[in-house]
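Architecture at a glance
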Amino acid sequence: MDSEASQLLRSAFGPEFLTRPLFLERQETEQIRSALNVIADVLFSLPERMCDGDLRRFAGLVGIREDQADLLGEGIQEPPVRYGRADLYFDGDRFRTLEFNLGSPVGGLQVASISRALYGSNEHMRDFVQSEALELEDPLPALAAMLRAFAADHGRDPVVAVMDGPASYAATEPHLAGIARGLRGQGIEAFACSTADVRDTGTSLRAAGRHFSLVYRFFTLNEMTDSVAASEHAAQLLGAFRTYGVPVFTPLSGVLFSNKTVLAMLHSKRLLGSLSAAESEAVREVLPWTHVLADEEVEVRGAQENLLEYARQHRDSLVIKPSDGLGGQGVVLGNQVSSPEWEAALREGVVHEHVLQERIAPPVEQFVAPEPGAATSWVPLWGAFLIGREYAGTMVRAARASESGVIALSRGAQVGCVYRQTGHCGNADYAA
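Predicted model, so just to flag it, every value in this text is computed and none were measured.

What counts and what doesn't
- Residues numbered from 1 in each chain as written.
- Predicted model: local features only at pLDDT ≥ 70, side-chain atom pairs only at ≥ 80, totals over all residues.
- Heavy atoms only, no water.
- Helix = DSSP H or I, 4+ residues; strand = E, 2+ residues; numbered from the N terminus.
- Rg over C-alpha atoms; globule rule 2.2 N^0.38 Å.
- Buried < 20%, exposed > 50% of the residue type's maximum accessible area, 1.4 Å probe, protein only.
- Contact = heavy atoms within 4.5 Å.
- Lys, Arg positive; Asp, Glu negative; His and termini not counted.
- Charge placed at Lys NZ, Arg CZ, Asp CG, Glu CD.
- Pairing = 2+ DSSP bridges.
- Axes fitted to C-alpha atoms, helices over the stretch in contact; angles between N-to-C directions.
- Right-handed = clockwise from strand over helix to strand, strands pointing away.
- Phe/Tyr/Trp six-rings, centres within 6.5 Å; stacked < 30°, edge-to-face > 60°.
- Lys NZ or Arg CZ within 6 Å of the ring centre and 35° of its normal.
- Parallel < 35°, antiparallel > 145°, perpendicular 65-115°, else oblique.
- Left-handed = near helix turned anticlockwise from the far one by under 90°.
- Nonpolar A, V, L, I, M, F, W, Y, C, P; charged D, E, K, R; others polar.
- Core = buried A, V, L, I, M, F, W, Y, C linked by side-chain atoms within 4.5 Å.
- Patch = residues over 30% accessible without salt bridge, like charges linked within 9 Å, V, L, I, M, F, W, Y side chains within 5 Å.
- Areas by Shrake-Rupley, 256 points an atom, 1.4 Å probe, with all protein chains shown as cover.
- Salt bridge = Lys/Arg side-chain N within 4 Å of Asp/Glu carboxyl O.
- Polar contact = N/O pair within 3.5 Å; in protein donor to acceptor, adjacent residues only side chain to side chain.
- pLDDT = per-residue confidence, 0-100.

**A closer look at the overall build of the protein**
Per the secondary structure count, the protein includes 14 helices and 21 strands. Here the protein has a C-alpha radius of gyration of 22 Å; the compact-globule value for 432 residues is 22 Å, and the two agree. In terms of its C-alpha atoms, the protein occupies a principal-axis envelope of roughly 65 × 55 × 40 Å. Per-residue burial for the protein yields a buried fraction of 53% across its 432 residues. Partitioning the contacts of the protein with sequence separation of at least 6, the portion at a separation of at least 24 is 71%. Between the centroid of the 38 positive side chains of the protein and the centroid of its 56 negative side chains there is a distance of 2 Å.

**Structural notes on the sheet that holds strand β17 (residues 355–358)**
With antiparallel pairing, the four strands of this open sheet are ordered in space as β12-β17-β15-β16. The strands lining the two open edges of the sheet, one partner per strand, are β12 (290–292) and β16 (332–333). Here helix α14 (residues 339–352) sits on the sheet in contact with β15 (318–321), β16 and β17, set at roughly 45° to β15.

**Examining the pairing of strand β6 (residues 189–194)**
Pairing of strand β5 (residues 159–164) with β6, which is carried by six bridges, proceeds in the parallel orientation. Residue Val159 lies in a different strand from β6, and its bridge partner there is Glu189. Between β5 and its parallel partner β6, the chain crosses via helix α8 (residues 169–185), and the hand of that crossover is right-handed.

**A word on the packing of aromatic side chains**
Evaluated as defined, the whole model comprises 13 aromatic pairs. Ring geometry for Phe212 and Phe241: centres 6.4 Å apart, planes at 90°, overall edge-to-face. Remark: Phe241 occurs in helix α9 (residues 228–243) and Phe212 occurs in the loop between β9 (210–211) and β10 (214–217); sequence separation between them is 29 residues. An identical accessibility class is assigned to Phe212 and Phe241; each is buried. Taken together, the ring pairs in this structure connect Tyr83, Phe150, Tyr216 and Phe249 into an aromatic cluster. Arg20 extends its terminal NZ or CZ atom over the ring of Phe367, reaching a point 4.5 Å from the ring centre.

**Some words on the packing of helix α2 (residues 26–51) against helix α12 (residues 277–286)**
Remark: α2 packs on α12, axes separated minimally by 10 Å, with the N-to-C direction vectors making an angle of 115°. Between α2 and α12, the angle falls in the class roughly perpendicular. Every pair of crossing elements has a handedness; the one defined by α2 and α12 is left-handed. Counting all contacts with α2, which are made through Ala35, Val38, Ile39, Val42 and Arg49, the residues of α12 involved are Ala278, Glu279, Ala282 and Val286. Here the residues of the contact of α2 with α12 are counted per class, giving seven nonpolar, no polar and two charged.

**Some words on the nonpolar core**
It is characteristic of soluble globular proteins that their nonpolar side chains tend to be buried jointly. Core analysis: the largest hydrophobic core is formed by 68 residues, its most contacted members being Phe212, Phe241 and Leu266. In terms of residue count, α2 provides more of this core than any other element does, 10 residues in total. Among residues more than four places away in sequence, those in contact with Leu266 are Ile39, Val42, Leu43, Leu46, Leu271, Leu272, Val283 and Leu287. Counting residues in each nonpolar core, the second largest holds 35 residues, with Phe17, Val106, Ala180 and Leu183 among its members.

**Some details on a negative patch on the surface**
Taken together, the side chains of Asp295, Glu296, Glu297 and Glu353 define an acidic patch exposed on the protein surface. Here Asp295 shows up in the loop between β12 and β13 (297–300). For Asp295, a relative accessible area of 33% puts it in the partly exposed group.

**Regarding the side chain of Arg85**
The residue Arg85 is located in strand β2 (residues 83–90) in this model. Its relative accessible area of 8% is what places Arg85 among the buried residues. Looking at Arg85, its side chain comes within polar contact range of the side chain of Asp87, at 3.0 Å.

**Examining the confidence of the model for the protein**
Residues of the protein with pLDDT of at least 70 account for 94%, and the chain-wide mean is 90. A low-confidence stretch, residues 425–432 (pLDDT under 50), is modelled with 15 contacts involving residues beyond four sequence positions or located in other chains.

**Remarks on the pattern of salt bridges**
Across all of its chains, the model carries 25 salt bridges by this definition. Residue Arg33 pairs with Glu30 through a salt bridge whose shortest N-O separation is 2.7 Å. Of this pair, Arg33 and Glu30 both sit in helix α2, separated by three residues, roughly a single helical turn. In this structure Arg33 comes out as partly exposed when scored by relative accessible area, which is 22%.

**Points about the environment of Arg217**
With respect to the helices and strands, Arg217 occurs in strand β10. Setting aside residues up to four positions removed in sequence, Arg217 forms contacts with Ser104, Pro105, Met163, Val248, Phe249, Thr250, Pro251 and Leu252.

**A few points about the sheet that holds strand β7 (residues 198–200)**
The three strands are arranged β7-β8-β9 in an open sheet whose pairing can be described as antiparallel. Either end of the sheet is taken by a strand with one partner, and the two such strands are β7 and β9. Two strands pair when backbone bridges link them, and strand β8 (residues 205–207) and β9 are joined in this way by two bridges, in the antiparallel orientation. Across the sheet, residue Arg206 finds its bridge partner in β9, namely His211.

**Digging into unusual backbone geometry**
If a residue is not glycine, its phi is most likely negative; likewise, a peptide bond is most likely trans. Residue Thr250 is reached from Phe249 by a cis peptide bond, and omega for that bond is -10°. Topologically, Thr250 is positioned in the loop between β11 (248–249) and α10 (260–265). Even without glycine at this site, Asp52 takes up a positive phi of about 50°. Of note, Asp52 is situated in the loop between α2 and α3 (55–61). Despite not being glycine, Glu353 has its phi angle at roughly 55°, a positive value.

Encoded structure:
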């Protein structure tokens, strides 16, 4: 791998990577694909099921403020795009979906680059992959195909500005530059920039001095509305995109389906009665029990419970999460705080409508340690991509078992890639 690509990876994910890949059997990737499609189908149907198709009312239900809905304007009607990454834990029996980030502001698309950087010159790894009938699923070809189709639907040739907001761009630039580089490798002209770089020339829009015809959105609705100045900038930006017919992938209205409040709806009594047998099974088997803390009464294992009392009594098996938090920010694990700290988190969670979720305790994976013959235990968080209706690869983040409360790069997690079994698998020791 060339030095530029290697530098981008290390700037985005840190200097250290996991010492070996992880592996999925063919049936596991099919189970992930099937489950995520069912969940996406249900999520996209929620406005009709919950609000008779009234998207403004649905926006209020999922915590979108009136001023944010006003910013979306008619764009709130844009159809959602089936693209995103689900974060999964394996509970020893099956994969459970902790979060489903439906939309373009997701990291980890560089899994193929990570593999090349770590194993590209390793003959033993190449022989192992061949003998065990493994393949690395690269999400970038599927993303490139989706972007071409998206641009064609809007009458455009894809010249893609991979764009984040000004407040985040300094931190996310290596990620965005990596995505742009990957898209160029798929034959799509692309470059990274900030929304603050966009200029109206009077005849077209340019960013950082370059023409673009499509925006790959990394900016979020919350970031673009966290102050009066940010909201004004966002209104001008979206207005300019509309004026010049520049489509945004994925539409900002996708926020309607991507926060944790939406996942909590899938456990609401009101919705469960409208689900088909297949939908109910997917929700029950794949999604951990999740509720908004503002709810008073919920059903737990067939019985009605006061939610806060239940949370107090079962602190060790629960976790509190902000509905729209990123990178593990604001997450409180009940087994890692005192009762007074948990009580304070519950009170804050009620005010801000955070979600309460069943805590999954995944088994550890063994990785080679720096000392010869030694191994260390890590807990993996699997980030599986769904592009269209297809499974499109997995990026994994992992934390040492002794530090695995919240798995995030900002807390020392390391990144690796995942190989998929395509045929009969031998008996090799994957942990070696």
